[in-house]
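One letter stands for each residue in the lines below.
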Amino acid sequence: MTKANEMTIVEAVRALRARELTVRELWDACSAAARAKNPELNAYLEIFDADDTAINSAQKRIGDGDAPLLCGIPIAIKDNILIEGKIASAASKMLANYRATYDATVIKKLKNTGTLFIGRTNMDEFAMGSSTEHSAFGPTKNSHDISRVPGGSSGGSAVAVAAHLCIAALGSDTGGSVRQPAAYTGLVGLKPTYGAVSRSGLIAMGSSLDQIGPLTKTIEDAHVLYETIRGIDILDSTTIPDGLYGVLASPKHLRVGVPWRLLENGVDADVLTTFNTTLAHLTDTGHTLVDVELPMSSHALAAYYVIMPAEVSTNLARLDGMRYGLAERGDTLLEDYIKSRTEGFGEETRRRILLGTFVLSSGYIDAYYKKADAARAVLRREYEKAFESCDVIAFPTTPSPAFKFGQKSDPLSMYLEDIFTVTANLTGMPAISVPMGMVEREGKNLPVGIHFTAPHQSENSLFAIGEAVY
Ligand code: GLN
């Protein structure tokens, strides 16, 4: 039998119900692996002690025969999702000692099913970054090659799953932070349709872009987690009413749109070869390829890096040393603000607050923010048009495999990481990264991912095409 901590959700569900495994054994296997490997990998900022009441009650529900699928499954939670009574630091010095006073809606839903929480995972500070190098508590290492980054910002969640330090994890995705680390660690990462999953209790980065999503070993697992956490929520007025969700069925044979022109520059040759092989496999299994043109997509990254910092600058304004979080005192109120925010925020966070304040300032809002917002509307129309001739759109999740620590110290080179992922956040469409193979760098095999985008609320098409990749 597979070691308990190496199981998928679905395997663990079967083993628990077949009495081959107890909830306690599953918890202990994950917890022992996490404690053994975390000093090297730094995937977790905190590994929680066993909650005996939760473990026993999960076991009882399974014994009684009416337990939901996730009952008794240990999962890891990104450190920007609130769990009542636990620290939620968003990997920032600013919130290093902040304890959540309530559960995020996704946590409430998981608690209702009897899911167990094994720890809070490392991330780039306030989810800004693509490598976890911006964490105030040191980077997470990629378990495929510890000299490389795991991607970000949900890098801790990704490594916790990939290194079998939990069964699955939740991350958040504002511009690719679930999908890019999934690609770099060989996992499935889903960014749901904007509004599918409640953002209540997620520490906001860019409120019009953020979605919580699963990082899992298989598509099936992503599906299970997604179905558990989605749904309308009175605490988030942007959530989509369940009645409107009308789970869209996926066609059996999907038309896969490929924007070849976007891939002409900047994608590594072996990543492109792996991508082509994967597409050939899809056509062999009955799906068809369609050429699509997405000319505006070349401007998506620029639009994202205007809209996102604008939202960051307003969302982080509340962290001023007065209400909660780090409080440094000077001689005047202004000095209090300056000291608290200078001490509390890391360099990348400060850079984005400055950038966002600039693009929203009265002299520049028309030239930058409003233009980017207009570009966003054009992008959405461009995708809607493309979806008249195809069911999903495919490209590599990232142009290259995981990079080395320090390799992208120039912020612009780091921002280019997000070139293929940000569009789904700007348009609100669901997107998934699925492992498509390995490429070799310096004698190490590194995973790469294929990325699919689907029309709003068409997650089922993503699961269907994802299954076909294997
Ligand atoms: N890497 C992107 C950024 O730095 C995406 C972050 C995210 O999705 N949270 O903004």
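Everything below is about the structure printed above this text.
Reference entry: report on the structure contained in this document. (Residues numbered from 1 in each chain as written. Predicted model: local features only at pLDDT ≥ 70, side-chain atom pairs only at ≥ 80, totals over all residues. Heavy atoms only, no water.)

**Observations regarding the site of the ligand**
Link 1 in the chain: Around the ligand there are 16 residues in total, and Thr174, Gly175, Ser177, Tyr304 and Arg352 lie nearest to it.
Link 2 in the chain: One of the backbone N or O atoms of Gly129 is found 2.9 Å from an oxygen atom in the ligand.
Link 3 in the chain: When each cavity is represented as a set of grid points, the ligand is found to reside in the largest cavity.
Link 4 in the chain: Split into classes, the residues belonging to the shell around the ligand amount to six nonpolar, seven polar and three charged. (Near = heavy atom within 4 Å. Polar contact = N/O pair within 3.5 Å; in protein donor to acceptor, adjacent residues only side chain to side chain. 1 Å grid on protein atoms, 1.4 Å probe; cavity = no way out; pocket = protein on both sides within 12 Å on 5 of 7 lines; lining within 4 Å. Sits in = over half its atoms within 2 Å of the grid points. Nonpolar A, V, L, I, M, F, W, Y, C, P; charged D, E, K, R; others polar.)

**What about the pattern of salt bridges?**
Link 1 in the chain: This model, assessed by the stated rule, comprises 27 salt bridges.
Link 2 in the chain: In this structure, Asp79 engages Arg120 in a salt bridge whose closest nitrogen and oxygen atoms are separated by 3.0 Å. Here Arg120 lies in strand S3 (residues 116–121) and Asp79 lies in the loop between strand S2 (74–78) and helix H4 (105–113), a separation of 41 residues in the sequence.
Link 3 in the chain: A relative accessible area of 9% places Arg120 in the buried class.
Link 4 in the chain: Arg179 is paired through a salt bridge with Asp173; the nearest N and O atoms lie 2.8 Å apart. (Salt bridge = Lys/Arg side-chain N within 4 Å of Asp/Glu carboxyl O. Helix = DSSP H or I, 4+ residues; strand = E, 2+ residues; numbered from the N terminus. Buried < 20%, exposed > 50% of the residue type's maximum accessible area, 1.4 Å probe, protein only.)

**A few points about the packing of helix H12 (residues 347–360) against helix H13 (residues 365–386)**
Link 1 in the chain: Direction vectors running N to C along H12 and H13 enclose 105°, while the axes themselves pass 7 Å from each other. Overall, the two elements H12 and H13 adopt an arrangement that is roughly perpendicular. Between H12 and H13, the contacting residues are Phe358, Val359 and Leu360 on the first element and Ile365, Tyr368 and Tyr369 on the second. (Axes fitted to C-alpha atoms, helices over the stretch in contact; angles between N-to-C directions. Parallel < 35°, antiparallel > 145°, perpendicular 65-115°, else oblique. Contact = heavy atoms within 4.5 Å.)

From the geometry alone we can't say anything about function, so treat these as descriptive.
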